[in-house]
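# Structure at a glance
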Amino acid sequence: MNRFTARVSFVLLTTVILTSCIYEREEIYSYNMYYSQYEPVILERNALNSTIKFTDVQEMRNAGKIYVKDDYIFIVDTNKGIHIYDNQQPQNPSTYAFIEMPGVTDLAIRDEYIYINQATDLVALTVDFNSKNIQVNKRISNTFPIKASPDGYTHQVSEDKVVVDWIKRNDL
C-alpha cells in the first residue's frame, strides 16, 4: 500500500469515528446526570440531639436491622427511628415505644450504650426505659459519608446542616 492510499484510508477512518460522536443538542441536554428524582430533607446540625426522642408507637415503613438486648427488641426504621418491642414474653412480643431519630440507618448495643449512625454522625446513647429518658452521651460529627439519594445523588450542604433523608419529588 502506498503512502497516498494509507493517508486517504486514515482520513476516511478518522471521519467515520468522529461523526459517530455527533449528537443532536436535545439528546445531550435531555438527560442531566446530576439531577435527582429525590429532594433532600435537611436539618440544622445543632438540632440533631433534640430530634432524638421517645414518641408514640408508629407504623413500620422501612425495616432495617434487628437487635435483641435483654427484654427488648430493637428494629431500625431506616431514616425515621427505632421501634422497640417488649420481649419479656418471647412467644408474644408487644410494641413498647418508638424513638424518633431522623437519619438513622443502623444500631449496635453494648452494655447500656446504644450506638447509632444519625446521618453522618456516630452517636452514643443511654436510655432509661422506665422514665423513657434518652441521654446523648457522645456525638462524633462527620464519621460517615454524606447520605446519598436512592438514585445515587449527593447534596452538598454547609457545615451547620446535614441531610437526614430523601423524599421522592412530586413535580416529576
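Located above this text is the structure these notes cover.
Bear in mind that the values here come from a model prediction, so they are computed numbers and not experimental data.

## Examining the side chain of Asn 117
Relative to the helices and strands, Asn 117 resides in strand β8 (residues 113-118). A polar side-chain atom of Asn 117 sits 2.6 Å from a polar atom in the side chain of Thr 105. Engagement of the side chain of Asn 117 in a polar contact is seen with the backbone nitrogen of Asp 106, the distance being 2.8 Å. Ignoring anything within four residues of it in the chain, the contact list for Asn 117 reads Gly 103, Val 104, Thr 105, Asp 106 and Phe 144.

## Some thoughts on the pattern of salt bridges
This model, assessed by the stated rule, comprises 7 salt bridges. The closest approach of N and O atoms between Arg 45 and Asp 121, which form a salt bridge, is 2.8 Å. Here Arg 45, found in the loop between β1 (38-44) and β2 (53-55), pairs with Asp 121, found in strand β9 (residues 121-128); they are 76 residues apart in sequence, far enough to count as distant. In the salt-bridge network here, residues are joined through shared partners; they are Arg 45, Asp 121 and Arg 139.

## Observations regarding the environment of Ala 124
Within the element layout of this structure, Ala 124 appears in strand β9. What makes Ala 124 buried here is its relative accessible area of 11%. The sequence separation of Ala 124 and Asn 137 amounts to 13 residues, and the corresponding C-alpha distance is 5.5 Å. Look past the residues within four positions of Ala 124 in its chain and what remains in contact with it is Ile 114, Tyr 115, Gln 135, Val 136, Asn 137 and Lys 138.

## Let's talk about the sheet that holds strand β5 (residues 81-86)
Pairing in this open sheet of 5 strands is antiparallel, and the strands run β2-β6-β5-β4-β3 from one edge to the other. Every other strand in the sheet has two partners, leaving β2 and β3 (63-69) as the edge strands with one partner each. On average, each strand axis in the sheet is inclined to that of its neighbour by 25°, with strand direction left out of account. Relative to strand β6 (residues 94-100), β5 is paired through 6 bridges, and the arrangement is antiparallel. Paired with Tyr 85 across the strands is Thr 95, a residue of β6.

Conventions adopted
- Residues numbered from 1 in each chain as written.
- Predicted model: local features only at pLDDT ≥ 70, side-chain atom pairs only at ≥ 80, totals over all residues.
- Heavy atoms only, no water.
- Helix = DSSP H or I, 4+ residues; strand = E, 2+ residues; numbered from the N terminus.
- Polar contact = N/O pair within 3.5 Å; in protein donor to acceptor, adjacent residues only side chain to side chain.
- Contact = heavy atoms within 4.5 Å.
- Salt bridge = Lys/Arg side-chain N within 4 Å of Asp/Glu carboxyl O.
- Buried < 20%, exposed > 50% of the residue type's maximum accessible area, 1.4 Å probe, protein only.
- Pairing = 2+ DSSP bridges.
- Axes fitted to C-alpha atoms, helices over the stretch in contact; angles between N-to-C directions.

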